[in-house]
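Listed here are the chains, written in short residue letters.
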Amino acid sequence: MSTFGSAFRVTTYGESHCKSVGCIIDGVPPGLALSEADIQVQLTRRRPGQSKLTTPRNETDRVTIQSGCELGYTLGTPICLTVPNQDHRPHDYSETDLYPRPSHADYTYMQKYGIKASSGGGRSSARETIGRVAAGAVAEKYLAEVHGVEIVAFVTGVGPIQVSDPALQQLLGTVTREVVDSTAVRCPDELTAPLMHDEIVSCSEAKNSTGGVVTCVIRNAPAGLGEPCFDKLEARLAHAMMSIPATKGFEIGSGFSGTHMRGSEHNDAFEANGKGGLRTLSNHSGGVQGGISNGQNIYFRVAFKPPATISQDQSTATYDGQGGVLTARGRHDPCVVPRAVPIVEAMAAIVIMDAVLQQNGRTATRQLLRPVPDELKAIKPF
């Protein structure tokens with residue numbers, strides 16, 4: 001489906017080569033100061049043509065608020081955001097009328113719907129993520145103003161080149177978007193970024209592509225977010241991240257490396273936080289325990305495959321099974337992770353915003369009841 005969220009609902013629309021793409025957001029609280037400039041910042045970080053590491057497709061991706069705001073404030077009604085497609089070239093995709101592109105969505109869309117967009121990737125194109133990024137910017141504005149939430153994603157892997165774990169752990173507490181954007185590859189590690197840059201350039205020159213990893217940290221998220229059992233916070237984050245085009249893996253906290261540890265090493269012990277609550281001495285849990293946020297930094301990693309469309313001839317088959325050679329045209333990223341950074345941030349913001357609104361509703365309704373007797377309270381609420 002094209003709608004994500006419960007209390008904060010985002011519906012995206014549009015294909016890669018249609019007239020416009022965008023979203024409708026339902027559940028934005030009324031009275032939030034909001035302008036197109038607030039949203040444009042993230043769209044500009046996502047847009048193509050930013051460097052020689054990305055697709056040369058030239059789109060300004062200028063957003064227009066169509067509804068849900070007056071005089072610079074949200075009304076509490078659905079917000080419609082639109083972005084025009086301008087630099088589209090459908091003639092670059094005539095070969096896909098005969099050949100489904102290897103590892104792309106052409107064949108599966110035909111199997112599911114019996115029809116597909118005639119050019120580009122249709123709904124499987126990264127152009128679809130414009131609506132997500134726009135909606136995420138709105139969610140992030142509220143989260144930052146009300147809770148001081150900070151969400152920063154950055155590249156920690158390109159092909160075989162990875163940021164070391166000690167460097168990663170340090171970055172989780174200090175990295176900023178300004179530092180992330182200081183390099184074209186969006187890797188804030190000074191030792192690794194040049195190597196990643198050269199790897200992507202090498203793939204591009206070879207008319208090939210490579211995959212990578214984006215790490216994201218969410219700071220200052222309130223404790224208590226997440227809806228066990230099936231909408232645990234990490235489950236919602238995984239759902240959100242794995243819905244992004246080209247994703248192939250998700251892990252939170254220690255992730256798969258935690259399987260190599262003993263429980264005595266992996267457990268996050270508690271101590272007083274000086275504010276009447278608790279904090280953990282370590283954070284192997286990634287800020288989520290029992291599917292609920294514990295107030296620590298939430299951090300996770302998302303794996304992206306090499307872009308499926310490359311500029312090399314590929315031996316494949318036509319839709320009717322005849323062997324042949326596909327010569328792909330069009331403009332494509334040799335590695336998606338530099339531009340995936342704001343998309344990951346956006347989906348993280350949407351998940352946290354949805355969870356905050358759900359938890360606020362529970363807290364508000366609970367406060368209308370008589371206080372729980374002291375003898376039933378294990379600890380005082382934070």
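Scroll up a little and you will see the structure.
Residues numbered from 1 in each chain as written. Predicted model: local features only at pLDDT ≥ 70, side-chain atom pairs only at ≥ 80, totals over all residues. Heavy atoms only, no water.

Draft legend 1. Representation of the pattern of salt bridges in the model. Under the definition given, this model contains 18 salt bridges. Of the charged contacts, one joins glutamate 140 and arginine 177 as a salt bridge, the two residues approaching to 2.4 Å between their closest N and O atoms. Of this pair, glutamate 140 sits in helix H3 (residues 129-147) while arginine 177 sits in helix H5 (residues 177-180); the two residues are 37 residues apart in sequence, bridging distant segments of the chain. For glutamate 140, a relative accessible area of 12% translates into the label buried. With relative accessibility at 18%, the residue arginine 177 sits in the buried group. Note that arginine 219 is salt-bridged to glutamate 150, the shortest N-O span being 3.0 Å. Separated by 69 residues along the polypeptide, arginine 219 in strand E10 (residues 212-219) and glutamate 150 in strand E8 (residues 150-158) bring together distant segments of the chain. (Salt bridge = Lys/Arg side-chain N within 4 Å of Asp/Glu carboxyl O. Helix = DSSP H or I, 4+ residues; strand = E, 2+ residues; numbered from the N terminus. Buried < 20%, exposed > 50% of the residue type's maximum accessible area, 1.4 Å probe, protein only.)

Draft legend 2. Highlighting the packing of helix H7 (residues 233-242) against helix H9 (residues 337-366). H9 packs onto H7 with a crossing angle of 145° between their chain directions and a minimal axis gap of 9 Å. Here H7 runs over H9; the crossing is right-handed. For the pair H7 and H9, contact is made by Leu233, Arg236, Leu237, Ala240 and Met241 and by Val344, Met347, Ala348, Val351, Ile352, Asp354 and Ala355, respectively. Of the residues belonging to the contact of H7 with H9, the class tally is 10 nonpolar, no polar and 2 charged. (Axes fitted to C-alpha atoms, helices over the stretch in contact; angles between N-to-C directions. Left-handed = near helix turned anticlockwise from the far one by under 90°. Contact = heavy atoms within 4.5 Å. Nonpolar A, V, L, I, M, F, W, Y, C, P; charged D, E, K, R; others polar.)

Draft legend 3. Layout of the state of the cysteines. Here the structure, examined in full by the defined rule, presents 0 disulfides. Residue cysteine 216 stays outside any disulfide, its sulfur separated by 15 Å from that of cysteine 187, the closest cysteine. Residue cysteine 216 is classed as buried on the basis of its relative accessible area, which comes to 0%. (Disulfide = S-S within 2.5 Å.)

Draft legend 4. Structural context of the nonpolar core. With 85 residues, the main nonpolar core has Ile25, Ile39, Leu81, Ile218, Met241, Ile298 and Phe300 as its most contacted residues. Take this core: its biggest share by element is 16 residues, from H9. Dropping the residues within four chain positions of it, isoleucine 218 is found in contact with Val149, Glu150, Ile151, Gln296, Asn297, Ile298, Phe300, Ala348 and Ile352. (Core = buried A, V, L, I, M, F, W, Y, C linked by side-chain atoms within 4.5 Å.)

Draft legend 5. Region of interest: the sheet that holds E8. Strand order in the open sheet formed by 5 strands is E9-E8-E10-E16-E11, with antiparallel pairing between adjacent strands. Looking at which strands have only one partner, the edges of the open sheet turn out to be strand E9 (161-162) and strand E11 (247-252). Where E11 and strand E16 (residues 298-304) come together, 5 bridges link them in antiparallel fashion. The partner of threonine 247 across the bridge, within E16, is phenylalanine 304. (Pairing = 2+ DSSP bridges.)

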